[in-house]
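# An overview of the molecular structure
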Amino acid sequence: MSLTRISLALALALGSSVALAADPDQVIRQSLKSLDANLPIEAIAESPMTGIYQVQLEGGRQLYTSADGQFLIQGYLFQVKDGKAVNLTEIEESRAVAKQINAIPAKEMVVFAPKAPKTHITVFTDTDCGYCQKLHSEVPELNRLGVEVRYVAFPRQGLNSPAAKELVSVWCAKDQQDAMNRAKTRQSVADATCDNPVAKQYQLGQMIGVNGTPAIVLANGKMIPGYQPAPQLAKIALESND
């Protein structure tokens, strides 16, 4: 082999080594940012599947990619364990959602709690949603079964809608529980304004994938879209503590 060919081979080998030695975190970030400069990447780590990296987006959603960022997978990653398929993606997404939901200060929620709660649910709610009203009528039963109900605001029609204004009035009322009860039974709620978390909670809901109400988040971060009867919901909520 000529000296020129040897030099070229060495250059190619060194180039490959440099590429392999590059930090996968940075390589993946650059590749994904080239697709969408505003992609909200929160963390990148090796996934349980050899050679595949896990990309966590703000809100908890997961993507998977090769170490060089050239291959991208959007979907569920399962692990076959003891003859069962375990959804690893759902577990990671729920863990991330739980972290964000459980970080909401209690004073920023409207809470209906039993004396000795066994677990809690966080409900993204809209006051003029029929199924939200139905769920609210069963809050006493949920409390009796040991489930604390924590409300956060999610005006489905946006922050300029009449429902958003009513949610602000509920959060700014002197008696938030009474105001919520009135709103959920189609009674008038006195107009009120204050420094409130309605917009922030609406944005959080959008970020974690809420697209309708009621959206129920269990203590472990798993989301249940839509209404569930109190006995069934309480059972699921209590099991989420396991």
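Only a predicted model underlies this, so the values are computations on that prediction, with no experimental measurement involved.

Strand order across the open sheet formed by five strands is S7-S9-S8-S10-S11, with mixed pairing between neighbours. This sheet does not close on itself; its edge strands, each paired only once, are strand S7 (110-112) and strand S11 (223-225). Going across the sheet, the axis of each strand differs from the next one's by a mean of 20°, ignoring polarity. In this sheet, strand S9 (residues 147-153) lies alongside S7 in antiparallel orientation, the contact comprising three bridges. By the bridge assignment for S9, Phe112 is matched with Val149. Against the sheet, helix H7 (residues 176-184) makes contact with S7, strand S8 (119-125) and S9, and its axis sits at roughly 85° relative to S7, the strand it touches most.

Okay, helix H8 (residues 198-208) next. When H8 is considered as a whole, its buried residues turn out to be Val198, Gln201, Tyr202, Leu204, Gly205 and Ile208. The buried residues of H8 all sit within an arc of 160° when viewed along its axis, so they share a single face. Looking at the buried residues of H8, the elements they touch are helix H3 (88-101), S8, S9, helix H6 (162-171) and S11. Two residues or fewer after H8 comes Gly209, characterised by a positive phi angle close to 100°.

All right, on to the side chain of Gln228 then. Among the structural elements, Gln228 can be located in the loop between S11 and helix H9 (230-239). The exposure class assigned to Gln228 is buried, which follows from its relative accessible area of 16%. Among the polar contacts made by the side chain of Gln228, one reaches the side chain of Gln232 at a distance of 2.5 Å. Aside from chain neighbours lying at most four places away, what touches Gln228 is Leu135, Glu138 and Leu233.

A word on the confidence of the model for the chain. When pLDDT is averaged along the chain, the result is 88; 90% of the residues meet or exceed 70. Within the model, pLDDT remains below 50 along residues 1-21, and this stretch shows one contact once partners closer than five positions in the same chain are excluded.

Taken as a whole and judged by the stated rule, the model has one disulfide. Cys172 shares a disulfide with Cys194; S-S distance 2.0 Å. As the torsion about the S-S bond is roughly -85°, the Cys172-Cys194 disulfide counts as left-handed. Of this pair, Cys172 sits in the loop between H6 and H7 while Cys194 sits in the loop between H7 and H8, and the two are 22 residues apart along the sequence.

About the thresholds
Residues numbered from 1 in each chain as written. Predicted model: local features only at pLDDT ≥ 70, side-chain atom pairs only at ≥ 80, totals over all residues. Heavy atoms only, no water. Pairing = 2+ DSSP bridges. Helix = DSSP H or I, 4+ residues; strand = E, 2+ residues; numbered from the N terminus. Axes fitted to C-alpha atoms, helices over the stretch in contact; angles between N-to-C directions. Contact = heavy atoms within 4.5 Å. Buried < 20%, exposed > 50% of the residue type's maximum accessible area, 1.4 Å probe, protein only. Arc of directions from axis to C-beta. Polar contact = N/O pair within 3.5 Å; in protein donor to acceptor, adjacent residues only side chain to side chain. pLDDT = per-residue confidence, 0-100. Disulfide = S-S within 2.5 Å.

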